[in-house]
Amino acid sequence: TERLSKYIENPEVSVVVREIHSPQVSVSGNVRMPGYFELKTPDVTVLDMIAKAQGLNEFADKGNIKIVRRGQNGAIEFKYNDAVNGRNGANFIVQPGDVIVVN
C-alpha cells in the first residue's frame, strides 16, 4: 500500500497464497527418481521417501543406505530389509533437511 499510495489514493492490497512449500528431504543415489521431496504430512518414514523417489533402481545396494542428518556426527545406517520386514524401529521417521543416500 505504501508504494501504491504514490499513484493511487487510499489503495487496498490483497494477498493470496497460491502455494505453501513444506520442509524437504533429499533422496539421492540409486533410486528411480532422485530429488527433493516435500514433507507434506507428519510421520513420514524413510521407506515413504524411497517410495516417493519411485523405489530403488536395479543397481541399489539395499545394505548400503544412509541418512545424513544435520547436527548428527556421521551418517545413520538404514537397515532396508529390517524395515521392509517390519522390525521394530527400523523404518524411522525422517526430519526436514535429511539426505537419504542409496548406494
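Criteria and cut-off values
Residues numbered from 1 in each chain as written. Predicted model: local features only at pLDDT ≥ 70, side-chain atom pairs only at ≥ 80, totals over all residues. Heavy atoms only, no water. Pairing = 2+ DSSP bridges. Helix = DSSP H or I, 4+ residues; strand = E, 2+ residues; numbered from the N terminus. Axes fitted to C-alpha atoms, helices over the stretch in contact; angles between N-to-C directions. Buried < 20%, exposed > 50% of the residue type's maximum accessible area, 1.4 Å probe, protein only. Lys, Arg positive; Asp, Glu negative; His and termini not counted. Salt bridge = Lys/Arg side-chain N within 4 Å of Asp/Glu carboxyl O. Contact = heavy atoms within 4.5 Å. Core = buried A, V, L, I, M, F, W, Y, C linked by side-chain atoms within 4.5 Å.

Undergrad: I'm lost on the sheet that holds strand E1 (residues 24–29) in this one. Help?
TA: Two modes of strand pairing occur in sheets, parallel and antiparallel, and in both the strands are linked by backbone hydrogen bonds. The five strands are arranged E2-E1-E5-E3-E4 in an open sheet whose pairing can be described as mixed. The open sheet terminates on both sides in strands that have one partner only, identified here as strand E2 (35–38) and strand E4 (76–78). If you compare each strand with its neighbour and ignore which way they point, the axes differ by 25° on average. One ladder, built from four bridges, connects E1 with strand E5 (residues 99–102); its direction is parallel. Note that in E5 the partner of Gly29 across the bridge is Val102.

Undergrad: How do you make sense of the side chain of Glu38 when you look at a structure like this?
TA: As for its placement among the helices and strands, Glu38 is situated in strand E2. For the buried Glu38, no salt bridge exists, and the shortest N-O distance to an oppositely charged side chain is 4.1 Å, to Lys40. Residue contacts for Glu38: discarding those within four places in its chain leaves Ile20, His21, Ser22, Pro23, Gln24 and Lys52.

Undergrad: Explain unusual backbone geometry here, please?
TA: Backbone geometry follows two general trends: most residues other than glycine have a negative phi, and most peptide bonds adopt the trans configuration. At Asp43, a position not held by glycine, the phi torsion is positive, near 60°. In this model, Gln54 sits at a positive phi of 65°, which is unusual for a non-glycine residue.

Undergrad: What should I look at first to understand the nonpolar core in this one?
TA: Burial of nonpolar side chains together is a common tendency in soluble globular proteins. Ranked by internal contacts, the top residues of the largest apolar core, which has 23 residues, are Val46, Met49, Leu56, Ile65, Phe78, Val94 and Ile100. Elements represented by at least two residues in this core include exactly E1, helix H1 (46–52), strand E3 (65–68), E4, helix H2 (80–84) and E5. Per element, the largest residue contribution to this core is three residues, and it comes from H1. With residues up to four places along the chain from it excluded, the contact list for Val46 reads Ile67, Phe78, Asn91, Phe92, Val94 and Ile100.

Any link to function would need more than the numbers given here.
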